[in-house]
Amino acid sequence: MSKDKDKSRLEQLRNLLHHYNYQYYVLAQSEISDFEYDQLLRELIDLETKNPDLFDPNSPSQRVGSDLNQEFEQEVHSYPMLSLDNTYSKEELADFETRNKKILPEEYEFICELKYDGASISLKYENGQLVRALTRGDGEKGDNVTANVKTIKSIPLKLTGSGFPPDFEIRGEIFIPHDGFEKMNEEKRAAGEPEYANPRNTAAGSLKIQNSSIVASRPLDCFLYYIMGKELPANSHYENMKLAKTWGFKVPNNIKKCSNLDEVIEFIDYWENERHNLPYDIDGIVIKINNLKQQQQLGMTTKSPRWATAFKFKAEQAKTKLLSIDYQVGRTGAITPVANLEPVLLAGTTVKRASLHNYDQINLLDVRVNDFVYVEKGGEIIPKIVGVDKDLRPSDSKAVEYIKDCPECNTELIKIEGEAKHYCPNETGCPPQIKGRIEHFISRKAMNIGAAEATVELLVDKGLINDFGDLYFLTKEDILSLERFAEKSATNLIGSIEKSKEVPFSRVLYAMGIRYVGETVAKTVTSELKSIENIKGTSIEELTEIHEIGERIASSIVEYFKSDINIKIINKLKISGVQLEIDEEEGNIENKLNGQTFVISGTFEKHSRDELKELISKFGGKNTGSISAKTNYLLAGENIGPSKLEKVKKLNIPIISEDDFLRMIK
Ligand code: IVH
């Protein structure tokens, strides 16, 4: 293709992808399938690689972020980032009104908006292009987090429509919706790592991650609510935000124009209840004077504008009786005390249990069985106990005597210095720890062995396995001896265990369930140290030299390999042929089929179609469903459809067999 053709296709692809992004992430509509989107993106990346001189910092390809570490430079805001006056009472809103009336001679309108609970951001656009994103910082200066912000798909990198000022700033809130937050915590739970406390802190923390490709994987979103510039198109906040929507910004719909305080209070009352049905957190309502000239007349103090105020919702609390305390044992042996409560309605759901976190927390709150406690739903998913009504405390009440022994295996608990939790040290004999580790090992993101929790339970209870290494020594007869297993299901389980021997080393390391070694850490460690033997022989100092590995992770890894029991389990994996080193070719893997597009058709002898697809992508190739001029190979098995054959012949596309393919990647 000639340079001109490349250039115009590049432009076309960039515009198309900007458009589909907007449709999907701002309007929540999808016009094309993920697959088609990926194909366009791939084509764009290929063209950009071929034409580095046509680089565009705001190309849709830049949304994936970069693996390179960034430093955040502090920069001065074009306009200071002020905060808002807060009130928790409706009476105080009347003061806001009185003050306004004193200064403003004419009628005015209020705009009521939701107060999004995230991290504020200021975006600068020049000639329709995003040029800078700053965090709030101290209000005067903020961190330049542009690279991270570019990965947020609902933020336009390039504006659409017309009428936007050549130079302006727009402010908004970066947040994580509930479903995305829940998924992030599911991953944390699977890795046995501490969960994120709440979406707000997680959103703010995400903006400061040095590696923007990690930011790209986080479910961040952004609502815009305030625009600033010398030449704004309209003279009211409401109209300007409406226009901003036409330029591609995600401007929320839950905005109301109100002509008096009663209408404002109606809006507040409505959202005080309705907020529990929103898919993200809000912590109040923001009330703004609509007209920009009137805003100017009201002016601002050094801290906040006089033309706006925030009504904050109180965190909802309920009072209920603490009936008893249970102690849960996690797969790492960590003990978590959980309060059983007299069921109580809180923020729309019935609460029966609340986490007490650890012994220190119980002491700090001085909470006792039979106390009436206040429970609150903060950003956290599990409600927490925030206080005790000591007036209602029974006279014979006694301080909680924390358990000394494991509730599951009676082993004496230990407390590691610097850690808040108590631990049961009986790693090999404590049933929830044994089962928990095996369940983690077989989980989808780890070894992906298809066995239910109940199966693990049976296998352990019958003494057929004691650790995950034993899985590889199970026979079909062993499995058939379990209730509910028949020939077919037993064969499947054995097959699934067998297949897990192909799982790459980084996932195996993650599967081993070393404390603080989640998926990302496992990838980093394996790509750096290559084999289990090398990891085993590494010191804390050497480990902490690896980027993103801190003291805590390093000492956890070293501890793990000090244990004879763990070494024995690893030996079982070794004998069985589980991957304990990086595939020799893993480094070259990407190159092998890079840029090659395959269509798979028919049935195969050695591998299933899914396995072949996995191999293609593992080696950097691409799978597509239908044959086109871009197809490089048809990987053909038995019983391939005649129309496909005809098409490849017409397009002169080489047909390869399963063996040919396996030779290609050998
Ligand atoms: S307007 C000068 N509108 O609340 C005022 N702020 O305490 C400009 N916030 O820093 C802000 N939702 O992070 C505005 N609809 C909304 C908001 C909002 C959340 C945050 C924002 C601000 C803080 C003020």
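Everything below is about the structure printed above this text.
Draft legend 1. The arrangement of the packing of helix α20 (residues 551-562) against helix α21 (residues 564-576) in detail. At a minimum axis distance of 5 Å, the contact between α20 and α21 shows a crossing angle of 80°. Considering the angle they form, α20 stands roughly perpendicular to α21. Of α21, the residues touching α20 (which contributes Tyr560, Phe561 and Lys562) are Asp564, Asn566, Ile567 and Ile570. Across the contact of α20 with α21, the residue classes tally to four nonpolar, one polar and two charged.

Draft legend 2. Main features of the pairing of strand β13 (residues 335-346). By the criterion of burial, β13 is predominantly enclosed, with nine of the 12 residues buried. By the bridge criterion, seven bridges tie strand β12 (residues 317-329) to β13 in an arrangement that is antiparallel. When the bridges of β13 are listed, Ser324 appears paired with Asn340. Following β12, the chain reverses through five residues before pairing antiparallel with β13; Gly333 in that reversal takes a positive phi of roughly 90°. Pairing geometry for β13 and strand β14 (residues 349-355), over six bridges, is antiparallel. When the bridges of β14 are listed, Leu345 appears paired with Thr350.

Draft legend 3. Examining α21 more closely. Helix length check: α21, at 13 residues, gives a terminal C-alpha distance of 19 Å against a target of 18 Å (1.5 Å per residue), a fit within 8%. Considered for burial, the residues of α21 that qualify are Asn566, Ile567, Ile569, Ile570, Leu573 and Ser576. Packing partners of the buried residues in α21 comprise α12 (431-442), α16 (505-511), α18 (532-536) and α20. Structurally, the start of α21 carries an N-cap: the backbone nitrogen of Ile565 is 3.2 Å from a side-chain oxygen of Ser563. Immediately downstream of α21, the backbone of Gly577 shows phi near 90°, a positive value.

Draft legend 4. Spotlight on helix α9 (residues 261-274). The end-to-end C-alpha distance of α9, which contains 14 residues, comes to 20 Å, matching closely the 20 Å that a straight helix rising 1.5 Å per residue would cover. Along its buried surface, α9 packs onto α3 (90-103), β3 (110-116), β9 (256-258), β10 (282-289) and β11 (308-312). Residue Asn260 occupies the N-cap position of α9, its side-chain oxygen lying 3.1 Å from the main-chain nitrogen of Asp262.

Draft legend 5. Structural context of the sheet that holds β11. Taken together, five strands build an open sheet; the order of strands is β2-β11-β10-β3-β9 and the sheet is mixed. The sheet is open, and its two edges are formed by β2 (85-87) and β9, each paired on a single side. Recorded for the sheet is a direction-independent mean angle of 30° between the axes of neighbouring strands. Bridge count for β2 against β11 is three bridges, and the pairing is parallel. From the neighbouring strand, Asp85 faces β11, where its bridge partner is Thr309. Each of β2, β3, β10 and β11 is contacted by α3, which is oriented at about 175° to β11, the strand it contacts most.

Draft legend 6. Examining the site of the ligand more closely. The local shell around the ligand holds 13 residues, among which Glu113, Leu114, Glu173, Tyr225 and Lys288 are the closest. A distance of 3.0 Å separates a nitrogen atom of the ligand from a polar atom in the backbone of Leu114. Within the side chain of Tyr225, one N or O atom sits 3.0 Å away from an oxygen atom of the ligand. Against a free-state accessible area of 530 Å², the protein chains account for coverage of 91% of the ligand.

Draft legend 7. Fine view of empty space enclosed by the protein. Taken as a whole and judged by the stated rule, the model has two cavities of 30 Å³ or more. Counted as a void, the largest cavity has a volume near 110 Å³. Here the residues of the lining of the largest cavity are counted per class, giving six nonpolar, five polar and three charged. Reported here for the second largest cavity is a volume of approximately 40 Å³. Lining the second largest cavity we find Ile434, Arg437, Ile438, Asn466, Asp467, Phe468 and Ile569. Among the elements that make up the lining of the second largest cavity, the one with the highest residue count is α12 (three residues). Grouping the amino acids of the lining of the second largest cavity by side-chain chemistry returns four nonpolar, one polar and two charged.

Draft legend 8. View of the nonpolar core. The biggest cluster of nonpolar side chains holds 55 residues, and the ones touching the most others in it are Phe441, Leu471, Met512 and Phe561. Those elements that place two or more of their residues in this core are α12, α13 (453-461), α15 (487-499), α16, α17 (519-529), α18, α20 and α21. With sequence-adjacent residues up to four places away left out, Phe561 is seen in contact with Met512, Ile514, Ile532, Ile535, Lys536, Ile567 and Ile570. Among the nonpolar cores identified, the runner-up in size contains 31 residues, and Tyr125, Ile152, Ile170 and Leu224 belong to it.

Draft legend 9. Up close: the environment of Thr544. By secondary structure assignment, the location of Thr544 is in helix α19 (residues 540-544). Each C-alpha atom, one on Thr544 and one on Lys390, is 48 Å from the other, the two residues being 154 residues apart in sequence. The contact partners of Thr544, leaving out residues within four places of it in the chain, are Ile549, Gly550, Glu551 and Ala554.

Draft legend 10. Up close: the pairing of β10. Among the eight residues that make up β10, eight are buried, leaving the element largely enclosed by the rest of the structure. As defined by bridge partners, β10 adjoins β11 across five bridges and the pair is classed as antiparallel. Counterpart to Ile287 in the pairing with β11 is Thr309.

Draft legend 11. View of the packing of aromatic side chains. Per the counting criterion, the structure on display carries 24 aromatic pairs. Measuring from ring centre to ring centre gives 5.2 Å for Phe223 and Tyr280, while their planes differ by 75°; the resulting arrangement is edge-to-face. Placement of Phe223 in strand β8 (residues 221-228) and of Tyr280 in the loop between α9 and β10 is noted, with a sequence separation of 57 residues between them. On the basis of an interplanar angle of 55° and a centroid distance of 6.4 Å, the ring pair of Phe267 and Trp271 is categorised as tilted. Pair noted here: Phe267 and Trp271 are both in helix α9, with a separation of four residues, about one helical turn. For Phe267, a relative accessible area of 7% puts it in the buried group.

Draft legend 12. Here's a closer look at the sheet that holds strand β7 (residues 167-175). Here four strands make up an open sheet; going across it, the order is β5-β4-β7-β8 and the pairing antiparallel. The open sheet is flanked by β5 (129-135) and β8, the only strands paired with a single partner. Taking each pair of neighbouring strands and ignoring which way they run, the sheet shows an average axis angle of 30°. Across six bridges, strand β4 (residues 119-126) lies against β5 in antiparallel orientation. Among the inter-strand pairings, Ser122 is bridged to a residue of β5, identified as Leu134. Along the sheet, helix α8 (residues 237-246) makes contact with β7 and β8, crossing β8 at roughly 135°.

Draft legend 13. Region of interest: the packing of α12 against α13. Axis separation between α12 and α13 bottoms out at 10 Å; the angle between their running directions is 135°. In this view, α12 runs oblique relative to α13, as classed from their interaxial angle. The handedness of the crossing between α12 and α13 is right-handed. On the side of α12, the interface is formed by Ile434, Lys435, Ile438, Glu439 and Ile442, while α13 contributes Glu453, Val456, Glu457, Val460 and Asp461. Class assignment for the residues of the contact of α12 with α13 results in five nonpolar, no polar and five charged.

What counts and how
- Sequence order as written defines residue numbering, which begins from 1 separately in each chain.
- Only residues with pLDDT of 70 or above have their local features reported here, since the model is predicted, and side-chain atom pairs are shown and tallied only from 80 upward, although totals for entire chains, interfaces and linings are computed over all residues.
- Calculated side-chain values reflect all of the structure's heavy atoms, with hydrogen atoms and water omitted.
- The axes used here are C-alpha line fits, helices contributing only the stretch in contact, and every angle between their N-to-C directions lies in the interval 0 to 180 degrees.
- What counts as a helix is a DSSP run of H or I of at least four residues, what counts as a strand is a run of E of at least two, and both are numbered from the N terminus.
- Angular relationships are summarised with four words: roughly parallel below 35 degrees, roughly antiparallel beyond 145, roughly perpendicular across 65 to 115, and oblique for the angles in between.
- Contacts were defined at the residue level, with two residues in contact if any of their heavy atoms lie within 4.5 Å.
- Asp, Glu, Lys and Arg are counted as charged, while Ala, Val, Leu, Ile, Met, Phe, Trp, Tyr, Cys and Pro are counted as nonpolar; the rest, among them Gly, fall into the polar class.
- Residue exposure (1.4 Å probe, protein chains only): buried if accessible area is under 20% of the type maximum, exposed if over 50%, otherwise partly exposed.
- At least two bridges found by DSSP between two strands is the condition for calling them paired.
- What a helix should span is 1.5 Å times the count of its residues minus one.
- We define a polar contact as two N or O atoms separated by no more than 3.5 Å, with the added condition that, inside protein, one atom must be a possible hydrogen donor and the other a possible acceptor, whereas residues neighbouring each other in sequence contribute only through side-chain atom pairs.
- Being near a molecule or strand, for a residue, comes down to having at least one heavy atom within 4 Å of it.
- The protein chains shown are the only cover counted for residues, whose accessible areas, like all others here, come from Shrake-Rupley with a 1.4 Å probe.
- Points on a 1 Å grid, built from protein atoms alone, make a cavity when a 1.4 Å probe fits but cannot get out and make a pocket when they are open with protein on both sides within 12 Å along at least 5 of 7 lines; residues with an atom within 4 Å of a point are the lining residues.
- Grid points are joined across faces, edges and corners, and a volume is the space filled by probe spheres set on the points.
- Residues belong to one nonpolar core when they are buried, are Ala, Val, Leu, Ile, Met, Phe, Trp, Tyr or Cys, and are joined through side-chain atoms within 4.5 Å.
- Stacked, tilted and edge-to-face are the three classes assigned to paired rings of Phe, Tyr and Trp, where Trp is represented by its six-membered ring and a pair needs centres within 6.5 Å; plane angles under 30 degrees give stacked, over 60 edge-to-face, the rest tilted.
- Take the far helix as the reference: if the near one is turned anticlockwise from it by less than a right angle, the crossing is left-handed, and if turned clockwise, right-handed.

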